[in-house]
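Architecture and fold: a report
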Amino acid sequence: MARRTKVYEGKAKVLYEGPEPGTLVQYFKDDATANNAEKHDVIDGKGVLNNRLSEFFMTGLNAIGVPTHFIRRINMREQLIRAVEIIPLEVVVRNVAAGSLSTRLGLEEGAALPRPIVEFYYKDDKLGDPLVCEEHIIAFGWAAQQDLDDMVALALRVNDFLSGVMLGVGIRLVDFKIEIGRVWEGDFQRLIIADEISPDSCRLWDMKTGQKLDKDVFRRDLGNLADAYTEVAKRLGVMPRNAGRVTKPTLIN
Ligand code: UDP
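Interhelical geometry of helix α1 (residues 46-63) versus helix α6 (residues 225-236) gives an angle of 30° and a closest axis separation of 10 Å. It follows from the interaxial angle that α1 and α6 lie roughly parallel. Regarding α1 and α6, the two cross each other, and that crossing is left-handed. Of α6, the residues touching α1 (which contributes Lys46, Leu49, Asn50, Leu53, Phe56 and Phe57) are Leu225, Ala226, Tyr229, Thr230, Val232, Ala233 and Leu236. Looking at the contact of α1 with α6 residue by residue, the class counts come to ten nonpolar, two polar and one charged.

Turning our attention to the packing of aromatic side chains. Within the structure shown, the criterion is met by three aromatic pairs. Their ring planes at 70° and their centres at 5.5 Å tell us that Phe56 and Phe57 sit as a pair that is edge-to-face. Overall, Phe56 belongs to the partly exposed group, its relative accessible area being 29%. The exposure class assigned to Phe57 is buried, which follows from its relative accessible area of 3%. The structure contains a cluster of three or more aromatic residues connected by ring pairs, namely Tyr122, Phe140 and Trp142. The ring of Tyr16 has Arg4 sitting right over it, with the charged end atom 4.0 Å from the ring centre. If you follow Lys39 out to its NZ or CZ, it ends over the ring of Phe218, 4.7 Å from the centre.

This part takes up the packing of α1 against helix α4 (residues 145-167). Packing of α1 against α4 brings their axes to within 11 Å, and their N-to-C directions diverge by 120°. Taken together, the axes of α1 and α4 are oblique relative to one another. In this structure, the crossing between α1 and α4 has a hand that is right-handed. When α1 is examined against α4, the residues Phe56, Phe57, Gly60 and Leu61 are found in contact with a partner set consisting of Val158, Phe161, Leu162, Val165 and Met166.

With respect to topology, five strands assemble into an open sheet ordered β1-β2-β3-β7-β6, the strand pairing being antiparallel. The open sheet has two edge strands with one neighbour each: β1 (6-9) and β6 (70-73). Each adjacent strand pair in this sheet contributes to an overall mean axis angle of 25°, direction not counted. Relative to strand β2 (residues 13-17), β1 is paired through three bridges, and the arrangement is antiparallel. Bridge pairing in β2 links Tyr8 to Leu15.

Another aspect to go through is the nonpolar core. Of all hydrophobic cores here, the largest spans 50 residues; its most connected members are Leu89, Val158, Ile178, Ile180, Ile193 and Ile197. With eight residues, the top contributor of residues to this core is α4. Aside from chain neighbours lying at most four places away, what touches Ile178 is Leu89, Glu90, Val91, Ala155, Val158, Ile193 and Ile197.

This part takes up the pattern of salt bridges. Taken as a whole, this structure holds 26 salt bridges when the rule is applied. Of the charged contacts, one joins Lys13 and Asp195 as a salt bridge, the two residues approaching to 2.9 Å between their closest N and O atoms. Placement of Lys13 in strand β2 and of Asp195 in the loop between β13 (188-194) and β14 (202-206) is noted, with a sequence separation of 182 residues between them. Note on accessibility: Lys13 and Asp195 belong to one class, buried. Glu55 serves as the salt-bridge partner of Arg73, at 2.9 Å between the closest nitrogen and oxygen. Here Arg73, found in strand β6, pairs with Glu55, found in helix α1; they are 18 residues apart in sequence, far enough to count as distant. Shared partners join several salt bridges into a network, and the residues in it are Arg94, Glu109, Glu119, Asp175, Arg203, Asp216, Arg219 and Arg220.

Another aspect to go through is the site of the ligand. Not every one of the 16 residues close to the ligand is listed here, only the nearest: Arg94, Ser100, Asp175, Arg203 and Arg219. In this structure, Asp175 approaches the ligand through a side-chain N or O atom, which is 2.6 Å from an oxygen atom. A distance of 2.9 Å separates an oxygen atom of the ligand from a polar side-chain atom of Arg203. Within the complex, the protein chains bury 75% of what would otherwise be the 510 Å² of accessible surface of the ligand. Its atoms largely coinciding with the cavity grid, the ligand occupies the largest pocket. Counted by class, the shell around the ligand contains five nonpolar, three polar and eight charged residues.

The rules we used
Residues numbered from 1 in each chain as written. Predicted model: local features only at pLDDT ≥ 70, side-chain atom pairs only at ≥ 80, totals over all residues. Heavy atoms only, no water. Axes fitted to C-alpha atoms, helices over the stretch in contact; angles between N-to-C directions. Helix = DSSP H or I, 4+ residues; strand = E, 2+ residues; numbered from the N terminus. Parallel < 35°, antiparallel > 145°, perpendicular 65-115°, else oblique. Left-handed = near helix turned anticlockwise from the far one by under 90°. Contact = heavy atoms within 4.5 Å. Nonpolar A, V, L, I, M, F, W, Y, C, P; charged D, E, K, R; others polar. Phe/Tyr/Trp six-rings, centres within 6.5 Å; stacked < 30°, edge-to-face > 60°. Buried < 20%, exposed > 50% of the residue type's maximum accessible area, 1.4 Å probe, protein only. Lys NZ or Arg CZ within 6 Å of the ring centre and 35° of its normal. Pairing = 2+ DSSP bridges. Core = buried A, V, L, I, M, F, W, Y, C linked by side-chain atoms within 4.5 Å. Salt bridge = Lys/Arg side-chain N within 4 Å of Asp/Glu carboxyl O. Near = heavy atom within 4 Å. Polar contact = N/O pair within 3.5 Å; in protein donor to acceptor, adjacent residues only side chain to side chain. Areas by Shrake-Rupley, 256 points an atom, 1.4 Å probe, with all protein chains shown as cover. 1 Å grid on protein atoms, 1.4 Å probe; cavity = no way out; pocket = protein on both sides within 12 Å on 5 of 7 lines; lining within 4 Å. Sits in = over half its atoms within 2 Å of the grid points.

Remember that the coordinates give geometry; whether it matters functionally is a separate question.
Given below as structure tokens:
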């Protein structure tokens, strides 16, 4: 059997060369890490859930005209994506104070913010992904001013879409992180959403109980991570239809 060429391996995903130029296969692992990989575990089924959930969110974004790298899901753990030039910034959007914002500014977790806040972190594990401002981004050439404007606009559209979808199933979108990449179409470049959108990169709180349904369950040892992600997938109706009822070898839809 032909061996695939691995292009990149990160903490939670592997990228392989795709079947056509300009495509990649994105494989979702079960690994969970936190605090810059200081804490690591393997959570059975996490990769399958994140593959499905990222497909769900990216398909929805594509449908409303927010361009993403997602082309189609291949199987339980893999999806076909467009290859992009990743901009070395994590774009975080916050609706409610939590995590590093609460720590940095002394805000109580759960405090409403006056408006969505967009932040940029420079992607560098050795430096612990430091918060950076627009001056740094332009001066060091990580992105141009036009890119920055486009990134903020994209991030806010993703925020509106995700907030609305989650509200519909009784979940508050507290904050999330996205990554953005460049694609070239002739001489023109365009920015599109890349990487993944899943409970690994969002904070999701149940609207009634405040229960956390995201990676903080792992970061803060609050219970079973796969159960929390399964709850999100169930509410969104994206669980494989017959996954829980398999008694004999069966093709999972
Ligand atoms: N986030 C992420 N990857 C990172 C850092 C943050 O996906 O490397 C997400 C995180 O899940 C949360 C949001 O970005 O939804 C804001 O994270 P924060 O800055 O509060 O950092 P944390 O408290 O997670 O260290």
